[in-house]
Amino acid sequence: MGDRERKSSSLLGLMVVTRFHGGLPQLVIAVIRVPSLVLLANTYHAFVRRYPWLAPAPSAVRWTLHPAPTELGGKYMIMHNWRAWDLPEPA
C-alpha cells in the first residue's frame, strides 16, 4: 500500500468520524483501523484474486536448513535491549 492510499484512507476515516460527531476514541480507531483494512483488502486482491501463484507458502520453506527464526530473533532482541538499557554484561 502506497503513501497516497494510506493518506486517502486516513482522510476517509476522519471524514466519517466527523460526519457522525465521533469522539477521540472513534477518531483514533478510524485513523489506525481504516488504513489497516485497506492494506488487508489490497493483500487479498493481490494474493487471492489477481496473483494467487505469488502468495507466500510456508510449505516452501525448509525449516531444517536454518535455526528457528524466533530463536535467532529472541537472542538479538535480548542483546539489543541489554545494551540499550546500559545493563552490566551477563556472565
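Look a little higher up for the structure.
These numbers were taken from a predicted model, which means no experiment stands behind them.

Cut-offs applied
- Residues numbered from 1 in each chain as written.
- Predicted model: local features only at pLDDT ≥ 70, side-chain atom pairs only at ≥ 80, totals over all residues.
- Heavy atoms only, no water.
- Helix = DSSP H or I, 4+ residues; strand = E, 2+ residues; numbered from the N terminus.
- Buried < 20%, exposed > 50% of the residue type's maximum accessible area, 1.4 Å probe, protein only.
- Areas by Shrake-Rupley, 256 points an atom, 1.4 Å probe, with all protein chains shown as cover.

Colleague: Explain the overall build of the protein chain to me, please; I cannot follow it from the model alone.
Modeller: The helix and strand inventory of the protein chain stands at 3 helices and 0 strands. In sequence order, the secondary structure elements of the protein chain are arranged as α-α-α. Counting only residues that meet the buried cut, the protein chain has 7% of its 91 residues in that class. Total accessible area on the protein chain stands at roughly 8,100 Å², and carbon and sulfur atoms take up 68% of it.

Colleague: For this particular structure, what's the right way to read the environment of Val28?
Modeller: The topology assignment puts Val28 in helix α2 (residues 24-50). Considering only alpha carbons, one finds Val28 and Val17, 11 residues apart in sequence, at a separation of 9.6 Å.

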